[in-house]
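Notes for the structure review
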Amino acid sequence: MSTQKKHNFGAGPCILPGTVLAQASDAVKCWGEAGLSILEISHRSPEFEKVIRQAEELVRELLQVPETYSVLFLQGGASMQFCMVAMNFLQGTDKEAFYLDAGYFGSKALNEAKILGKARIAASSKDGNYKSIPSDFLIPDDAAYFHCTSNNTIEGTEMFSFPETGVPIVCDMSSDIFSREIDISKFDLIYAGAQKNMGPAGLTLVIAKNEFLNSIDHPVPSMLDYRVYRDNNSMYNTPPVFAIYTAMLNLQWLKDQGGVKKIEEKNRAKAELLYNEIDRNTLFYGLAEPRDRSIMNVTFKMYDTNGEAEFLEFVTNAGLVGIKGYRTVGGFRVSLYNAMPISSVSYLVDCMKVYAEKVLTPSAIKATY
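Now for a look at the structure at hand. Please read all numbers here as calculations on a predicted model, not as lab measurements. (Residues numbered from 1 in each chain as written. Predicted model: local features only at pLDDT ≥ 70, side-chain atom pairs only at ≥ 80, totals over all residues. Heavy atoms only, no water.)

The next point concerns the overall build of the chain. Helix and strand counts for the chain come out as 11 helices and 14 strands. In terms of C-alpha radius of gyration, the chain reaches 22 Å, essentially the compact-globule figure of 21 Å for 369 residues. Overall, the C-alpha framework of the chain stretches about 70 × 55 × 30 Å when taken along its three principal axes. Buried residues in the chain amount to 54% of all 369 residues. Within the chain, contacts between residues separated by at least 24 positions form 66% of all contacts whose residues are at least 6 apart in sequence. Carbon and sulfur atoms make up 50% of the accessible area of the chain, which totals about 16,800 Å². A distance of 4 Å separates the average location of the 36 positive side-chain charges in the chain from that of its 43 negative side-chain charges. (Helix = DSSP H or I, 4+ residues; strand = E, 2+ residues; numbered from the N terminus. Rg over C-alpha atoms; globule rule 2.2 N^0.38 Å. Buried < 20%, exposed > 50% of the residue type's maximum accessible area, 1.4 Å probe, protein only. Contact = heavy atoms within 4.5 Å. Areas by Shrake-Rupley, 256 points an atom, 1.4 Å probe, with all protein chains shown as cover. Lys, Arg positive; Asp, Glu negative; His and termini not counted. Charge placed at Lys NZ, Arg CZ, Asp CG, Glu CD.)

Each aromatic ring pair is summarised here by two numbers: the centre-to-centre distance and the angle between the ring planes. Following the criterion strictly, the structure yields 16 aromatic pairs and no others. Plain terms: the ring middles of Trp 31 and Tyr 245 are 5.6 Å apart, the flat faces sit at 75° to each other, and that makes the pair edge-to-face. Residue Trp 31 is located in the loop between helix H1 (18-29) and helix H2 (46-63), and its partner Tyr 245 is located in helix H7 (residues 241-256); the two are separated by 214 residues in the primary sequence. With relative accessibility at 12%, the residue Trp 31 sits in the buried group. Judged by centre distance (5.2 Å) and plane angle (65°), the ring pair of Phe 311 and Tyr 355 falls under edge-to-face. (Phe/Tyr/Trp six-rings, centres within 6.5 Å; stacked < 30°, edge-to-face > 60°.)

Read across the sheet, 7 strands follow the order S2-S10-S9-S8-S5-S3-S4 without closing on themselves; strand pairing throughout is mixed. Two strands close off the open sheet at either side, each with one partner strand: strand S2 (69-74) and strand S4 (118-124). Averaged over all adjacent pairs, the angle separating strand axes in this sheet is 20°, with direction ignored. Of the strand pairs in this sheet, strand S3 (residues 96-101) and strand S5 (residues 145-149) are connected by 3 bridges, and their pairing is parallel. If you follow Phe 98 over to S5, its bridge partner there is Phe 146. Contacts from helix H4 (residues 104-116) reach S3, S4, S5 and strand S9 (189-193), with the element oriented near 160° to S3. (Pairing = 2+ DSSP bridges. Axes fitted to C-alpha atoms, helices over the stretch in contact; angles between N-to-C directions.)

This part covers the pattern of salt bridges. Per the stated rule, a full pass over the model turns up 15 salt bridges. Of the charged contacts, one joins Arg 60 and Glu 56 as a salt bridge, the two residues approaching to 3.0 Å between their closest N and O atoms. Of the two residues, Arg 60 and Glu 56 both sit in helix H2, 4 residues apart, roughly one turn of that helix. A relative accessible area of 27% means that Glu 56 is categorised as partly exposed. Between Asp 292 and Arg 291 there is a salt bridge whose closest N-O contact spans 3.5 Å. The exposed category is assigned to Arg 291, whose relative accessible area is 56%. Shared partners join several salt bridges into a network, and the residues in it are Glu 158, Asp 176 and Arg 180. (Salt bridge = Lys/Arg side-chain N within 4 Å of Asp/Glu carboxyl O.)

Take a look at the structure:
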C-alpha cells in the first residue's frame, strides 16, 4: 500500500503542518520529561497548565486580543455555540436577536436560537443560493445581539467588512480564524471550531468581551455558562487535552511563519492563483460573487455537469483529495487553510489545465458549437 502523502484540500478537519504532526506524534508516545503520553497526562498537572497558558498567550498575541477579553477553550464544536450563545444572551430576555442568513451554518445558528428566544433574520441571501453576502442589515438598537458567520465554508463566501452598530456582535469564525487580520474590538464574542484552521477536532475557541459576559443576569447550566469557563481557566471539567496541545503547537508554528499578517499574504496568493485559473479555464466557473469570494474555501462547478465525476476521478488519481463540493451545493470545493502550501495549489491548477487540454480536443471543441 502506498504511503504517499496526499494533497488534502478537505474542508475539515484541517490540514496541519508536518512539523506539528511530528511533534504531536512524539508527544503521544512520550511527552517531554513527564515520562507519560500527552494522552495520559493530568489536566491538573503543572505541565499541562503551562500548555493551556501558552495556548492562550499565543491566541492573544496572534490576534492582538485586548486584556478586556477572555480567551476560553471549550468543547462541543461551533454547533454547540449555536445554542450556547442564545442560552447566555437571549434566553430569559424580552429582546430579539438578529441573524445574518448568508449560508448553511448561519441558518442553523438561527434555528437553534429560535428554540430559546426571539430570533429573526437581519438580512438574507438565500434567494440567490447564498452566492453573496448581504450588504443591507436590519439591526434595531435594542437587539440582544447581531450574529454573523464570517466565512461560509460550504458556499465559498466571506465577510470582508462588518456592520457598524451599537448592538453586541457575535461572530462564528470557525473557518477563517487566524487566516487574516481582524479587529477583535469590533466583536463582543467570537467562536470557532478548531478543526477548520486552528487544530484537531474536539476543541472550540471562544474570545469574549468580559463586559458582555458580565451582562448575563439569569441562571445558566454550568457546562453552558461562559462565566464558569472564564472563572475556572477553561478547566471547569476535563478539557480536550490533546486537542489543546496540538492547537498550541499549530499556533506556535503560525507565529514562527511571521504571524497572521504574513499568513494572510500567503492565503491571498493561493486564492488568487486558483480563482484566476477558474476564470480562465473554459471548463469551470466560480459559484460565489467575485466581491465576496472566500480566501479559505473556493467553490466552483463545470459548465458540463456530466463531466464532474470524471474530473473528480482524474484529480483523485493524481493524489488530490477533499475537493468534492458539499452535498447541497455540488460541484467542487477547495479549502486553502493556513498549512496548505502554494505548491499544492499550483499542482491543482496544473491538473485543471491538463484535464482541459485532454477534454478540449479540436473535435470536442467543435462539438460544443
